[in-house]
Amino acid sequence: MEERSPVTLVLTYNNSDICFSKGSCNSLKVENNIINRICNGNSFRKSLKRKTIEDEEMSYVPLSSPAVLNSKKPRMIYHGRSFPITRLLEHLDCCTLRSIIETLVDRHPTLFSEVVGLSSLPDLFSVISLLNGMEEQVRCSFPYGGDIRGEYAYNRIRPVLQKFMDALVEYMIIFSPPYQKSRNLTLTFLDHISSMLHRLPEWNNPVHNYYKEELYDSVSNAWISVISSMSKEGFDGINGNEWIAKLIKHNETSGGRFKRVIDTARNELACFFIEKDLNVSFSNNNRLGFDFASCY
């Protein structure tokens, strides 16, 4: 009998070709072999498909994914931060800021020393320049024509005049001890405002001259305070002869309103009251170069 090659049985399942010899196994073994081959094939395809999907996911990561966000620097957050007072203050003008500080000091008087300690005192040049400007405003407020000492003129300039006189008193406090340590600066400032005081208008109604008389009294007290301290603590290079001559001139210009100052100077600084030294020339122009306006 002619020998033939083994018959090969080919079964197809899920597009998989499974080949085995017909005479090599019984039906049970064939069935188990088919099942194992099919299961192994399906597992391999599922594993391959899963790997392909994971590779695709790894190749494309959206910008909003946590992985991308975590790779950047952490964003600044505003939760929990205190109110940025610096940003609020940098948009305030000088007048508003000054008003806020004044209100705080009025409500909390204990802040006064803190504000004074943190603030620098104004320099003499800027203060005199400011006062000169205020004096010019008083001059420009006078009406044209009419009685410049009458009621109409007084009512016309009273607001700016009162503001100017208040500034003289308040700056005098700043340039006096204990806030001002230099007596030479104090004397120079008193010399300037005394000249300004002489030029303030006098009114027909004596009642309207009350504030000017009060201001003369305050300035005289400031002069006396400085002179008394000089007699006790020394002159620190101050030219006593020059200042005595200026005081005498101020007393003459004011009509004797500085008599108390002169009397104090004679008692405290007697060594400077020598007749030949009182002929020191006195100029209405101050050392800072300001040309004071003529009297009203």
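Now for a look at the structure at hand. Just so it is clear, the model here is predicted, and its values are computed rather than measured. (Residues numbered from 1 in each chain as written. Predicted model: local features only at pLDDT ≥ 70, side-chain atom pairs only at ≥ 80, totals over all residues. Heavy atoms only, no water.)

## Focus: the overall build of the protein
Looking only at helices and strands, the protein has 11 helices and two strands in total. The order of α-helices and β-strands along the protein, N terminus first, is β-β-α-α-α-α-α-α-α-α-α-α-α. Among the 296 residues that make up the protein, the fraction classed as buried is 30%. Expressed as a percentage of contacts within the protein between residues at least 6 apart in sequence, the contacts between residues at least 24 apart total 67%. For the protein, the computed accessible surface area is about 20800 Å², with 55% contributed by carbon and sulfur atoms. (Helix = DSSP H or I, 4+ residues; strand = E, 2+ residues; numbered from the N terminus. Buried < 20%, exposed > 50% of the residue type's maximum accessible area, 1.4 Å probe, protein only. Contact = heavy atoms within 4.5 Å. Areas by Shrake-Rupley, 256 points an atom, 1.4 Å probe, with all protein chains shown as cover.)

## Some remarks on helix α9 (residues 210-233)
For α9, with 24 residues, the first-to-last C-alpha span of 35 Å sits near the 34 Å given by 1.5 Å per residue. Backbone geometry just after α9 places Gly234 at a positive phi near 100°. (Expected span 1.5 Å × (residues − 1).)

## A short note on the state of the cysteines
Summed over all chains, the structure comprises zero disulfides. Summary of cysteine pairing: Cys94 is not part of a disulfide, and the nearest cysteine sulfur, belonging to Cys95, is at 6.9 Å. (Disulfide = S-S within 2.5 Å.)

## Some details on the pattern of salt bridges
Under the defined criterion, the tally for this structure stands at 10 salt bridges. The residue Arg260 makes a salt bridge to Asp217 at a minimum N-O spacing of 3.0 Å. In this pair, Arg260 is assigned in helix α11 (residues 259-268) and Asp217 in helix α9, connecting sequence segments 43 residues apart. By relative accessible area, which is 39% here, Arg260 ends up partly exposed. Accessibility expressed as a relative area gives 36% for Asp217, which makes it partly exposed. A salt bridge links Asp263 to Lys259; the nearest nitrogen and oxygen atoms lie 3.0 Å apart. Taken together, the residues Asp263 and Lys259, both in helix α11 and four residues apart, mark about one turn of the helix. In the salt-bridge network here, residues are joined through shared partners; they are Glu202, Lys212, Glu213 and Arg257. (Salt bridge = Lys/Arg side-chain N within 4 Å of Asp/Glu carboxyl O.)

## Some words on the environment of Val169
Checked against the element boundaries, Val169 lands in helix α7 (residues 151-174). Taking the C-alpha atoms as reference, Val169 lies 7.3 Å from Leu215; in sequence the two are 46 residues apart.

## Describing the packing of aromatic side chains
A full pass over the atoms with the stated rule returns six aromatic pairs. A ring pair is formed by Phe142 and Trp203, whose centres lie 6.1 Å apart and whose planes are at 20°; its orientation type is stacked. Taken together, the positions of Phe142 in the loop between α6 (124-140) and α7 and Trp203 in the loop between α8 (183-198) and α9 put the pair 61 residues apart, joining distant regions of the chain. For the pair shown, Phe142 and Trp203 are each scored as buried. In textbook terms, an aromatic cluster arises when at least three aromatic residues are bridged by ring pairs, as seen for Phe142, Tyr154 and Trp203. For the cation-ring pair, Lys246 lies above Trp243, with the distance from its terminal atom to the ring centre recorded as 4.6 Å. (Phe/Tyr/Trp six-rings, centres within 6.5 Å; stacked < 30°, edge-to-face > 60°. Lys NZ or Arg CZ within 6 Å of the ring centre and 35° of its normal.)

## Looking at a nonpolar patch on the surface
A contiguous nonpolar patch, built from Phe83, Ile85, Leu88, Leu89, Leu97 and Ile101 and spanning about 530 Å² of accessible area, is present on the exposed surface. Counting residues per element, the ones that place at least two in the nonpolar patch are α3 (85-89) and α4 (94-107). Residue contributions to the nonpolar patch peak at three residues, all from α3. Checked against the element boundaries, Leu88 lands in helix α3. (Patch = residues over 30% accessible without salt bridge, like charges linked within 9 Å, V, L, I, M, F, W, Y side chains within 5 Å.)

## A few points about the nonpolar core
By size, the foremost hydrophobic cluster in this structure holds 44 residues, and its most contacted members are Leu131, Phe164, Phe189, Ile193, Val219 and Trp223. Elements with a minimum of two residues in this core: α6, α7, α8, α9, α10 (240-253) and α11. With 10 residues, the top contributor of residues to this core is α7. (Core = buried A, V, L, I, M, F, W, Y, C linked by side-chain atoms within 4.5 Å.)

## Quick notes on the environment of Ser225
Mapped onto the secondary structure, Ser225 falls in helix α9. Residue class for Ser225 comes out partly exposed when judged on its relative accessible area of 42%. Spatially, the C-alpha atom of Ser225 lies 9.4 Å from that of Val261, the residues being 36 residues apart in sequence.

## A word on the packing of α9 against α11
Across the interface, α9 lies against α11 with an axial gap of 9 Å and an inter-helix angle of 5°. Here α11 runs roughly parallel to α9, going by the angle between their axes. Note on element contacts: α11 touches α9 through Arg260, Val261, Thr264, Ala265 and Glu268, opposite Asp217, Ser220, Asn221, Trp223, Ile224, Ile227, Ser228 and Ser231. (Axes fitted to C-alpha atoms, helices over the stretch in contact; angles between N-to-C directions. Parallel < 35°, antiparallel > 145°, perpendicular 65-115°, else oblique.)

## With respect to the packing of α6 against α8
Interaxial distance between α6 and α8 falls to 11 Å at its minimum, and their mutual angle equals 10°. One finds that α6 runs roughly parallel with respect to α8. Residue-level contacts link Leu124, Val127, Ile128, Leu131, Asn132 and Glu135 of α6 to Leu185, Thr188, Phe189, His192, Ile193 and Met196 of α8. Across the contact of α6 with α8, the residue classes tally to eight nonpolar, three polar and one charged. (Nonpolar A, V, L, I, M, F, W, Y, C, P; charged D, E, K, R; others polar.)

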